[in-house]
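Listed below, chain by chain, are the residues.
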Amino acid sequence: AQSVTQLDSQVPVFEEAPVELRCNYSSSVSVYLFWYVQYPNQGLQLLLKYLSGSTLVKGINGFEAEFNKSQTSFHLRKPSVHISDTAEYFCAVIGGFKTIFGAGTRLFVKA
Amino acid sequence: DVKVTQSSRYLVKRTGEKVFLECVQDMDHENMFWYRQDPGLGLRLIYFSYDVKMKEKGDIPEGYSVSREKKERFSLILESASTNQTSMYLCASSSIPRGQGNEQYFGPGTRLTVT
């Protein structure tokens, strides 16, 4: 069965600093991985996705993620965060016909 | 611009009431989903539908039912609301093929409080 573990529930970081949000997955079938972002009082929106091909995936707002099959990880990174990046981030994997979401990581960007 | 709309942003209901949450999408998507979101638990799937009048249980269907009479509309029904159903409810839709990397599009959510 597929599962997703987000290793940090909260990540505080200063503005313009780099950030990494960690995600590990388990899957016995082909892997399709996603990162979604949820801004305060909004639904989720897609940040980026990995389906196949290059293991480095670029998304919106300067985020990128690297698929690492040997470590079963799909960590999200941004070299320099902005106050507006404060949000909750969800890693997800497709399991059969369903999408399995992690518990979420709340990113706080401080001035 | 693609859109998933939910009938209410905030809802307060009493224990025992029947509650209807409505979701409409304008993208002609075949698949629609209802999740509940609770702190520290992420999103948990309640029900999903892959076609009109079709529905399948998700991971936590107890206490809920759904209806999909039209392709664009997917309703979540709480037959008799209880306080443990206080939560954020998110609706989503996606196109076929299922399970092959298609992203989901989410509505803004309904924050339901049951007192």
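What you see is a predicted model, and the numbers here were worked out from it, not measured in a lab. (Residues numbered from 1 in each chain as written. Chains lettered and ligands numbered in written order. Predicted model: local features only at pLDDT ≥ 70, side-chain atom pairs only at ≥ 80, totals over all residues. Heavy atoms only, no water.)

1. Topic: the confidence of the model for chain A
Model confidence for chain A is summarised by a mean pLDDT of 92, while 97% of its residues fall at 70 or above. Mean pLDDT values for the elements of chain A range from 86 in strand β11 (residues 98-101) of chain A up to 98 in strand β3 (residues 19-21) of chain A. (pLDDT = per-residue confidence, 0-100. Helix = DSSP H or I, 4+ residues; strand = E, 2+ residues; numbered from the N terminus.)

2. Side note on the nonpolar core
If you look at the biggest cluster of nonpolar residues, it comprises 28 residues, and the most contacted ones within it are Trp35, Leu76 and Tyr89 of chain A. The greatest single-element share of this core, amounting to four residues, is contributed by strand β10 (residues 87-95) of chain A. Grouped together as the second largest cluster of nonpolar side chains are 21 residues, Leu11, Ile46, Phe74 and Tyr89 of chain B included. (Core = buried A, V, L, I, M, F, W, Y, C linked by side-chain atoms within 4.5 Å. Buried < 20%, exposed > 50% of the residue type's maximum accessible area, 1.4 Å probe, protein only.)

3. Quick notes on the sheet that holds strand β7 (residues 64-70) of chain B
In a beta sheet, neighbouring strands pair by backbone hydrogen bonds and run either parallel or antiparallel. Residue and element names in this part refer to chain B. In spatial order, the strands read β1-β3-β8-β7; together these four strands make up an open sheet with antiparallel pairing. The outermost strands of the open sheet, each flanked by one partner alone, are β1 (4-6) and β7. Taken pair by pair, the neighbouring strands of this sheet meet at an average axis angle of 20°, ignoring direction. The pairing of strand β3 (residues 19-25) with strand β8 (residues 73-78) spans six bridges and is antiparallel. By the bridge assignment for β8, leucine 21 is matched with leucine 76. (Pairing = 2+ DSSP bridges. Axes fitted to C-alpha atoms, helices over the stretch in contact; angles between N-to-C directions.)

4. So, the interface of chain A and chain B
Contacts between the two partners involve 21 residues from chain A and, on the opposite side, 23 residues from chain B. Summed over both sides, the interface between chain A and chain B buries roughly 1800 Å², with carbon and sulfur atoms accounting for 55% of that surface. By the criterion of area lost to chain B, the three top residues of chain A are Phe97, Lys98 and Phe101 of chain A, representing 31% of everything that side buries. Summed over the shared surface of chain A and chain B, the number is zero salt bridges. At the boundary of chain A with chain B, the tally comes to four residue pairs in polar contact (both at pLDDT 80 or more). Those elements giving two or more residues to the side of chain A that touches chain B turn out to be β5 (33-38), β6 (44-50), β10 and β11 of chain A. Of the residues that constitute the side of chain A that touches chain B, the class distribution is 11 nonpolar, seven polar and three charged. (Contact = heavy atoms within 4.5 Å. Buried area = accessible area lost by both parts, 1.4 Å probe. Salt bridge = Lys/Arg side-chain N within 4 Å of Asp/Glu carboxyl O. Polar contact = N/O pair within 3.5 Å; in protein donor to acceptor, adjacent residues only side chain to side chain. Nonpolar A, V, L, I, M, F, W, Y, C, P; charged D, E, K, R; others polar.)

5. So, the environment of threonine 86 of chain B
Residues and elements named next belong to chain B. Following the sequence through the fold, threonine 86 ends up in the loop between β8 and β9 (87-94). For threonine 86, a relative accessible area of 31% puts it in the partly exposed group. The spatial distance from the C-alpha of threonine 86 to the C-alpha of threonine 115 is 8.4 Å, given a sequence separation of 29 residues. Setting aside its immediate chain neighbours within four residues, threonine 86 contacts Arg36, Asp38, Leu112, Thr113 and Val114. In terms of polar contacts, threonine 86 uses its side chain to reach the backbone amide nitrogen of valine 114, at 2.9 Å.

6. Considerations on the pattern of salt bridges
Residue and element names in this part refer to chain A. Throughout the structure, instances matching the rule amount to 13 salt bridges over all chains. The salt bridge involving lysine 78 is made with aspartate 85; its shortest N-O contact spans 2.8 Å. Pair check on accessibility: lysine 78 and aspartate 85 agree, each one buried. Close ionic contact of arginine 106 with glutamate 88 constitutes a salt bridge, the shortest N to O distance being 3.0 Å. On the criterion of sequence distance, the pair formed by arginine 106 in strand β12 (residues 105-110) and glutamate 88 in strand β10 is long-range, its members being 18 residues apart. The network of salt bridges with shared partners includes Glu20, Glu66 and Arg77.

7. Overview of the packing of aromatic side chains
Taken as a whole and assessed by the stated rule, the structure comprises 12 aromatic pairs over all chains. Ring geometry for phenylalanine 34 of chain A and tyrosine 36 of chain A: centres 6.0 Å apart, planes at 25°, overall stacked. Across this residue pair, the class does not change: phenylalanine 34 of chain A and tyrosine 36 of chain A are buried. Aromatic side chains phenylalanine 101 of chain A and tyrosine 35 of chain B sit 5.4 Å apart centroid to centroid with 90° between the ring planes, which places their arrangement in the edge-to-face category. Highlighted residues: phenylalanine 101 of chain A in strand β11 and tyrosine 35 of chain B in strand β4 (residues 31-38), drawn from two different chains. Taken together, the ring pairs in this structure connect Phe34, Tyr36 and Phe101 of chain A together with Phe33, Tyr35, Phe48 and Phe106 of chain B into an aromatic cluster. (Phe/Tyr/Trp six-rings, centres within 6.5 Å; stacked < 30°, edge-to-face > 60°.)

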